Amino acid sequence: MAAIKPSVPKGTRDFSPVEMTRRNYIFETIKSVFRKYGYQQIETPSMENLSTLTGKYGDEGDKLIFKILNSGDFLSKADSAALDARNSNQLTSSISEKALRYDLTVPFARYVVMHQNEITFPFKRFQVQPVWRADRPQKGRYREFYQCDADVVGSDSLLNEAEFILIYDEALSTLGLKDFTIKINNRKILSGIAEIIGKPELIVDMTVAIDKLDKIGMDGVVNELLSKGFTQEDVDKLEPIILLEGSNYEKLNKLRYILSASTIGLKGCEELETIFEYVNRCKLQRATVDLDITLARGLNYYTGAIFEVKTNETFMGSIGGGGRYDDLTGMFGLKGLTGAGISFGADRIYDVLQELNLFPDSVAQTTRVLICCFDKAGEEYALPLLQQLRAENINTELYPAGTKIKKQFDYANNKGVPYVIVIGSDEIESGLLTFKYMESGTQEKLTINQVLTKVK
RNA sequence: GUAGAUGUAGCUCAGUUGGUUAGAGCACUAGAUUGUGGUUCUAGGGGUCGUGGGUUCGAGCCCCAUCAUUUACCCCA
């Protein structure tokens, strides 16, 4: 068999020991903050029934779901009409009934409905697992990446939204970010704006367009709006709203004036004010909270607050987002249950910390003591010592005998092991171990008990 | 799906208007040093120049196709 060039599917990555150490540091930091705020961890399967996922992310989203081919003779059960017509979309449902999860929110909604009788509401859960998207990878975008989600269902209190801001602030500040912005908006305000303009049916096109303001500028937004069916008159009304400036409270007051004819718009303003009041009673560490009318986010299931987090220290897409969705479980037959949640994009946070050189050196977790010996006798003598060190919770390994001592030191060196014990015939005879400090190169003769006190 | 960029050693990359045997650093192996690494010195292994075709006396270099990677757009973490 010809050797194939080893590679991983595009948009996926291997994680080597150094990277894993750093990734775990990020995950542990975020998870411990989630726990601190009362969230409990769950996991769901990597694959869901395809029908659970389709239709939840819009047409574009559906295309990006990784489908899993049915096992066995899937073609014999395929829709022959679709097959003959080479119609992939129509064929899919007859040859694939499972798919990799696209996010953690929809599987969570499915979980809540299935386990509703065992859950005490409000239910606060967090989940840290990979998700898969079949889109073109590019900077900061992968086809397999981890999300760290915290959601609460069964509580319509805006305290939850306020706590999300605190969670973002605490987790990202702890990770060492010094300047980041939590953007907040409210779907009801967007609805109100669409209502004022008199084009409520075009709210999705409107939000998609104004969401791009910082990327394509006002001219680009105007062009897109005009091409989607808005008139110049609509644009004239919209432009001053989009360009609102001032503090969050100033923006809120102006919005209240603009939206005075829209009940839903005013409701959105009221919600935001309540959230700001909660947050103002708490002290934020490093976060800036910014009311941003242009923040829309693609997911159409949001009904209240919308969040997005961006670092200001480097150029990177958003490193987190979330919002409130009033009826996510309705699709699975459980009506009237409100939810809200946030997500951290761990892979992007990794890239940001890397770029800003914010990983602490101390996160290196490796072997502390390496025992080196020359032959079988040394190996046998070393085993009880090995057990003694490990009993003291010291990461210790014994290099298998039969390798040149030079190679064994190389190994310790490359792995960053700080201490080495050498055992040869002299050591076995005297009971005094050669204990070497790898960094300085110095060594001394010590008993095992002296070694234990040194490395503890 | 649309557009651009890039494919040369395990990795990062040089390679001049097209010219004879394609290089460097890192990594790896061995030796200097048979019980002492990280520094130093010496030697060595490693390449279908992504693939296929074309132009040419001659192609890593030019042309076409194809595949892969990557960046941006759509969309999104």
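Rules used in this analysis
- Residues numbered from 1 in each chain as written.
- Chains lettered and ligands numbered in written order.
- Predicted model: local features only at pLDDT ≥ 70, side-chain atom pairs only at ≥ 80, totals over all residues.
- Heavy atoms only, no water.
- Buried < 20%, exposed > 50% of the residue type's maximum accessible area, 1.4 Å probe, protein only.
- Helix = DSSP H or I, 4+ residues; strand = E, 2+ residues; numbered from the N terminus.
- Pairing = 2+ DSSP bridges.
- Arc of directions from axis to C-beta.
- Contact = heavy atoms within 4.5 Å.
- UniProt positions renumbered as here; feature names shortened; annotations may be inferred.
- Domains from an automatic or database assignment.

1. Points about the pairing of strand β5 (residues 123-132)
On any regular strand, side chains alternate: one points to one face of the sheet, the next to the other face.
Here is step 1: The buried fraction of β5 amounts to nine of the 10 residues, a majority that puts the element mostly inside the structure.
Here is step 2: Inspection of the sheet shows strand β1 (residues 40-41) paired to β5 by two bridges, in the parallel sense. Across the sheet, Gln 40 pairs through a bridge with Arg 125, a residue of β5.
Here is step 3: With 10 bridges joining them, β5 and strand β6 (residues 144-153) adopt antiparallel strand pairing. In the sheet register, Val 128 faces β6, and the bridge partner there is Cys 148.

2. With respect to helix α5 (residues 88-95)
Here is step 1: All buried positions along α5 are accounted for by Leu 91, Ser 94 and Ile 95. All buried residues of α5 fall inside an arc of 85° around its axis, so they share one side. Residues of α5 that are exposed and point more than 90 degrees away from the buried face comprise Asn 89 and Ser 93.
Here is step 2: Close packing links the buried residues of α5 with β3 (67-68) and α4 (80-84).

3. Examining the UniProt feature "binding site: L-histidine" (unreviewed entry) in chain A
Here is step 1: According to UniProt, the positions carrying the feature "binding site: L-histidine" (unreviewed entry) are Asp 103, Leu 104, Thr 105, Arg 133, Gln 147, Asp 151, Arg 297, Tyr 301 and Tyr 302.
Here is step 2: The class of Gln 147 is buried, set by a relative accessible area of 11%.
Here is step 3: For Gln 147, the residues in contact, after removing those within four places along its chain, are Asp 103, Leu 104, Gln 127, Val 128, Gln 129, Val 131, Arg 133, Ser 343 and Phe 344.
Here is step 4: Following the sequence through the fold, Arg 297 ends up in the loop between β8 (287-291) and β9 (305-311).
Here is step 5: Those residues within four positions of Arg 297 in sequence are excluded, and the remaining contacts are Asp 211, Tyr 302, Ile 306, Phe 307, Glu 308, Gly 321 and Gly 322.

4. Concerning the sheet that holds strand β2 (residues 47-49)
Here is step 1: Taken in spatial order, the three strands of this open sheet run β2-β4-β3, and their pairing is antiparallel. The open sheet has two edge strands, β2 and β3, and neither has a second partner.
Here is step 2: Of the strand pairs in this sheet, β2 and strand β4 (residues 98-100) are connected by three bridges, and their pairing is antiparallel. Paired with Met 47 across the bridge in β4 is Leu 100.

5. A closer look at the domain arrangement of chain A
Here is step 1: As assigned here, chain A comprises domain 1 (17-43 + 117-355), domain 2 (47-100) and domain 3 (365-455).
Here is step 2: Relative placement of domain 1 and domain 3: their C-alpha centres are 53 Å apart.

6. What about the pairing of strand β7 (residues 180-186)?
Here is step 1: Counted residue by residue, β7 has seven buried out of seven residues, so it is predominantly covered.
Here is step 2: Residues Phe 180, Ile 182, Ile 184 and Asn 186 line one face of β7 and the alternating positions Thr 181, Lys 183 and Asn 185 line the opposite face, and both faces are buried.
Here is step 3: Here β7 pairs with β8 via five bridges, running parallel. When the bridges of β8 are listed, Ile 184 appears paired with Leu 291.

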